[in-house]
Every structure is written in C-alpha cells, then in structure tokens.
Amino acid sequence: MEKTEKVTMEKIQSLAKQRGFIYPSSEIYGGFANTWDFGPLGIELKNNIKKLWWQHFVQERMDMVGLDSAIILNPKVWEASGHVGGFADALVDCLNCKLRFRADHLVEDTTGEDVEGKSLEEISRIIQKDKIACPNCKSINWTDARSFGLMFKTYIGVVEDTKSAAYLRPETAQGIFVNFKNVLASTRKRIPFGIGQIGKAFRNEVTPGNFVFRTREFEQMEIEYFINPKDWEKSFEFWLKEMQRFAKAIGLKDEDIYLHEIPAEKRAHYSKRTIDVEFKYPFGTKELWGLAYRTDYDLSHHEKASGEDIVYVDPVTNQKFIPHVIEPTFGVERTMLVALLSAYEEEEIGSGDKIEIRTVLKLPKELAPYKIAILPLSKNEDLISKAKEVFDLLKTSYMCDYDETQSIGKRYRRQDEIGTPYCVTIDFNTLKDNAVTVRDRDTMKQDRVGIGSLKEYLGEKFC
Ligand code: GAP
C-alpha cells in the first residue's frame, strides 16, 4: 500500500462533515461563524478522547482525583484570579471598512514581528510606522490599539445591574483552585496531589478560526497539581513527559510535535515557566497544549480575596506553606483535530488498471468512534437476522455500527474512512458454518472466526 497525498484542512473538514464528525453550527440558518456542532461520530471521538485522558491522568494515578465545578462561578473568583483586570487582547478597527482585527496577529502576519508583551501604545506605533494596510480593504486608517476583555459577561436573575453581573468561565482551572480546601478536607490526599477537571470554557476570541482550532466555546481537560515549592522543577519535567506519553497514546507522530519554551515577557501573568506543546498543523506550527508553573499565584490571591486560610501544613515536617501548582492543560477540540490530522491517510491499493485510492483514518483503537461494524453481505432476511444476533452479542462490550446497504466493498471503504478497526461480515457460509469474516482496517487482512469464539478473538485484538 503506497501513501499518497498530504492531509489538508479542507480534506479533514469535508470528511468531518460528510461522515458526521463535525457540522457547521446552526447551518439551516446559514451557520453561526466559527461555531461547530459534533455529530454522531464526533461525540464518540470526543468522549473517547476524554475517557482516555481521564484514564491516563486520573484513574491510573493514586495522586489524582476528579472534579466538576460550576461554569458560572462567583464573579469575585475572576477578580482575584486577575482575569477581570487582565484577560484581554489588543485589537484595532479599520476606520474605512469597519472590520476589527487582533492587533498582534495583524502585525505578525504582515511584518513577522512578535508583539506579545508590548504595550497598546507600542503596538499602535508599530502599525503606523510599518504602514500596515487593512487585509480587507487595503486602506491605512486605523484606530489606536485598545484592550478587549475576553470573558463573556452575563447577568444572574432578572435585573441587569452591576451587582448581578457574572462571567462564563474562560478556563476550568479556577473551579479547581476554589475547591482546593474542600478536596483536601474531604479526601485523604496529601501534597503532592492533583485535581483533574474536564469541562466547557468560553472566550470571546477576536479572531477565531482554522476550523475547531480556535473557537469561542470549547472544552478543556486541566490538571492542577499541588506541590511543595521546592519540588517544582522535578514536577514540571515529570508532567512534560506525561503529556508526551499522552500524545503518543492518541496517535501523534514525534515529528509533528514541538516543545516551545515561552519567554518571560510572553507568559501569562501567573506563570513562572511555560512550555507550549505545539503541533505542525497544515496552517502552521501552533499551540496544542500547555504546561505552566503557576507558582502559588492563584491560591495566594484567593486566600487574600476570600479571607479563607489556604495554608497547607505538612503532616510529617509541620512545614506551613501555600501549595505551588504545576498545570498541564489540554483543549479537547484541538486534541480531536490533531488526532484526525494524524490518523488521516490516503493509500493507493490494487494493481494494474484496478488502482484505487482508499481514505483511511488510522485512529488508535481507543479513539475510534465505532470499534466494530457488523455487515450482512446482502439484505437477505436470514443474513440480517444472523447479523442482528452478532450485534446483540457484541453491543454491551463495544460501540458497534450496523450497515446493510450498498456493496460490501463500498461499506468497507466507508468504515475505513471513519476509522472503524474491524468489520465483521455475515455471509451465506455463516448460515452453514456459524463463522464470520473479520477484516482488519489497517492491513485489510481477513480472518474467518467462529461466532462462538468471536468475543474472545476481538477481546485479544482490543486488549
Ligand atoms: N488554564 C490555563 C489555560 O486556560 P490556555 O493556554 O489559555 O491555558 C489551555 O488554554 C488550552 O485550551 C490550550 O492549550 C488549547 O488547547 C485550548 N484552547 C485555548 N483557547 C482555545 C480556543 N479559543 N479554542 C479552542 N481551544 C482553545
């Protein structure tokens, strides 16, 4: 099998829509810019990513527990965390065509200069000095750069006054910090230990785009790992390796991953060290996940603002300190996107004048939306009834697809395209020998397996 063309965003986006992974949201109303809905296969893939993450980072670790905190927290949380004052992007408006742009992206895309960490005045000066034109109407007629808060604001109750204002969380992390004392008191965990959380986050991004790479509503999988400050370097290195291990588990290739040490002036306000795990997307090498040493920034600020004592007393040494935090953070949709990009292959199969291209998603088995497809060879009633028996046999152990329309060749191709690791075909011989054909997605090899031993056979394949 020869590999052919490279994967592109267009190919992934088209497959995602056609096969039911990701649809443009509210499409019957003309869509809703940069908003996406996850179809029957998308929800399976998303759930499998979250399940694998939870297994790696919570279930298999004695030093981790889980949490599910509220999305709308007391607004004081966001004041103490620094988000109300500082979670913002610089933007500029074109006075001619009225379009709005993120100022750092505008400068970077035009001149290549990185302006992160520069003041609004400095950014405005660069735009003027370099005579940067509007990408839309080409005029050079900008407003000054100004700060644009990224949190979505809403109102609790019926009165829209400042007292009832609240925010949709822009990161899941703060829900963990404000529950640190509760978790410590209600579990027998002692430092070092961590809390993991998966959930929605919302950011009013100025320039969302690149499919599900940057959206305004997304999910995060975050770990806040609480440590004694003396151990931060060791812990940071440890979690970096764990993130790399997870990258392998979801099928990412080493050559597509870069570790980017973020310089001090570009780090978030809470971080003393950050490494971005970057991925080589078709549109450039950009952030996939992040690892930050958040010090005691968050817990100290919450202690001060809430008046609650968050000091930890080491039960062995009696040492008192505010725990420091290492934070590995993962976006679910970006993980989904890179899993799809990494799994997508086009192969030339056949020979002579019978060469055809098969598109196959070589997803790790744990991530595949359907594990097994059950395919009666034709619509013959006896075959259908036997196939339904096989479906009933496997359905409690595996997410199975059932498909009885089109030629068997076309059905195999369809299952290849959605990454189903095994197809089980029920043919006329099955009615005589009670055996089925099991086809492997990657090798396309076929085995004849008795229905009586099918569960055991598949069990070995999936272990
Ligand atoms: N708690 C730390 C934090 O939120 P972040 O780098 O801003 O750090 C963490 O976000 C991860 O969330 C990113 O590495 C990325 O995977 C994902 N993410 C952030 N903004 C996103 C957006 N607008 N759309 C999709 N995913 C996003």
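Residues numbered from 1 in each chain as written. Predicted model: local features only at pLDDT ≥ 70, side-chain atom pairs only at ≥ 80, totals over all residues. Heavy atoms only, no water.

The name an unreviewed UniProt entry assigns to the chain is Glycine--tRNA ligase, from the organism candidate division CPR2 bacterium GW2011_GWC1_41_48. What UniProt states about the chain under its Function (unreviewed entry) heading is, verbatim, "Catalyzes the attachment of glycine to tRNA(Gly)." (UniProt positions renumbered as here; feature names shortened; annotations may be inferred.)

Caption draft 1: Molecular detail of the overall build of the chain. Along its length, the chain carries 15 helices and 24 strands. Dimensions of the chain along its principal axes, counting C-alpha atoms only, are 75 × 65 × 50 Å. Here the contacts in the chain between residues at least 6 apart in sequence split such that 65% fall between residues at least 24 apart. Where the 66 positive side-chain charges of the chain centre and where its 73 negative ones centre are 1 Å apart. (Helix = DSSP H or I, 4+ residues; strand = E, 2+ residues; numbered from the N terminus. Contact = heavy atoms within 4.5 Å. Lys, Arg positive; Asp, Glu negative; His and termini not counted. Charge placed at Lys NZ, Arg CZ, Asp CG, Glu CD.)

Caption draft 2: Seen up close, helix α13 (residues 408-417). Among all positions in α13, only Arg411, Tyr412, Gln415, Asp416 and Glu417 are buried. The positive-phi residue at the C-terminal boundary of α13 is Gly419, with phi of around 85 degrees. (Buried < 20%, exposed > 50% of the residue type's maximum accessible area, 1.4 Å probe, protein only.)

Caption draft 3: Just the environment of Glu122, in detail. Note on placement: Glu122 falls in helix α6 (residues 120-129). Separated by 144 residues in the primary sequence, Glu122 and Lys266 have C-alpha atoms spaced 15 Å apart.

Caption draft 4: How the structure looks around the environment of Phe38. The residue Phe38 is located in strand β3 (residues 36-38) in this model. On a C-alpha basis, the gap between Phe38 and Phe21 in space is 5.8 Å, while along the polypeptide they are 17 residues apart. When residues no more than four places from it in sequence are discounted, the contact partners of Phe38 are Phe21, Ile22, Ile43, Lys46, Val212, Glu333 and Met336.

Caption draft 5: Structural context of the site of the ligand. Near the ligand, the surroundings consist of 20 residues, among which Glu171, Glu205, Glu222, Glu287 and Leu288 are the closest. In the environment of the ligand, a nitrogen atom lies 2.5 Å from a nitrogen or oxygen atom belonging to the side chain of Glu222. In this structure, a nitrogen atom belonging to the ligand sits 2.9 Å away from a side-chain N or O atom of Glu327. Calculation on the ligand without its partners gives an accessible area of 550 Å², and the protein chains cover 91% of this total. Listing elements by their share of the shell around the ligand, those giving two or more residues are β11 (217-227), β14 (284-295) and β17 (324-331). (Near = heavy atom within 4 Å. Polar contact = N/O pair within 3.5 Å; in protein donor to acceptor, adjacent residues only side chain to side chain. Areas by Shrake-Rupley, 256 points an atom, 1.4 Å probe, with all protein chains shown as cover.)

Caption draft 6: Region of interest: the packing of aromatic side chains. What the rule picks out here adds up to 26 aromatic pairs. Between Phe213 and Tyr281, the ring centres sit 5.0 Å apart and the planes meet at 75 degrees, which makes this aromatic pair edge-to-face. Taken together, the residues span a long stretch of sequence, with Phe213 in the loop between β10 (193-202) and β11 and Tyr281 in strand β13 (residues 273-281) at a distance of 68 residues. Exposure remark for Tyr281: the relative accessible area of 3% places this residue in the buried category. Residues Tyr281 and Phe283 carry aromatic rings whose centres are separated by 4.9 Å and whose planes lie at 15 degrees to one another, so their mutual orientation is stacked. Take Phe283: its relative accessible area is 22%, and that puts it in the partly exposed class. Here the aromatic residues Trp53, Trp54, Phe57, Tyr225, Phe238, Trp239, Phe246, Trp289 and Phe330 are joined through ring pairs into a cluster of three or more. (Phe/Tyr/Trp six-rings, centres within 6.5 Å; stacked < 30°, edge-to-face > 60°.)

Caption draft 7: Up close: α6. Taken together, the buried positions of α6 are occupied by Ile123, Ser124, Ile126 and Ile127. One side of α6 holds all its buried residues, which, seen down the axis, span an arc of 160 degrees. Of the exposed residues in α6, the ones pointing more than 90 degrees away from its buried face are Glu121, Arg125, Gln128 and Lys129. Buried residues in α6 make contact with β5 (88-93) and α5 (103-111). Directly after α6, the chain includes Lys131, whose backbone phi takes a positive value near 50 degrees. (Arc of directions from axis to C-beta.)

Caption draft 8: How the structure looks around the side chain of Arg441. On the secondary structure map, Arg441 appears in the loop between β23 (435-440) and β24 (446-450). For Arg441, a relative accessible area of 4% translates into the label buried. Of note is the side chain of Arg441, whose polar atom sits 3.3 Å from the backbone oxygen of Leu361. When neighbours within four sequence positions are excluded, Arg441 is seen to be in contact with Arg358, Val360, Leu361, Lys362, Leu363, Asp416, Gly419, Thr420 and Pro421.

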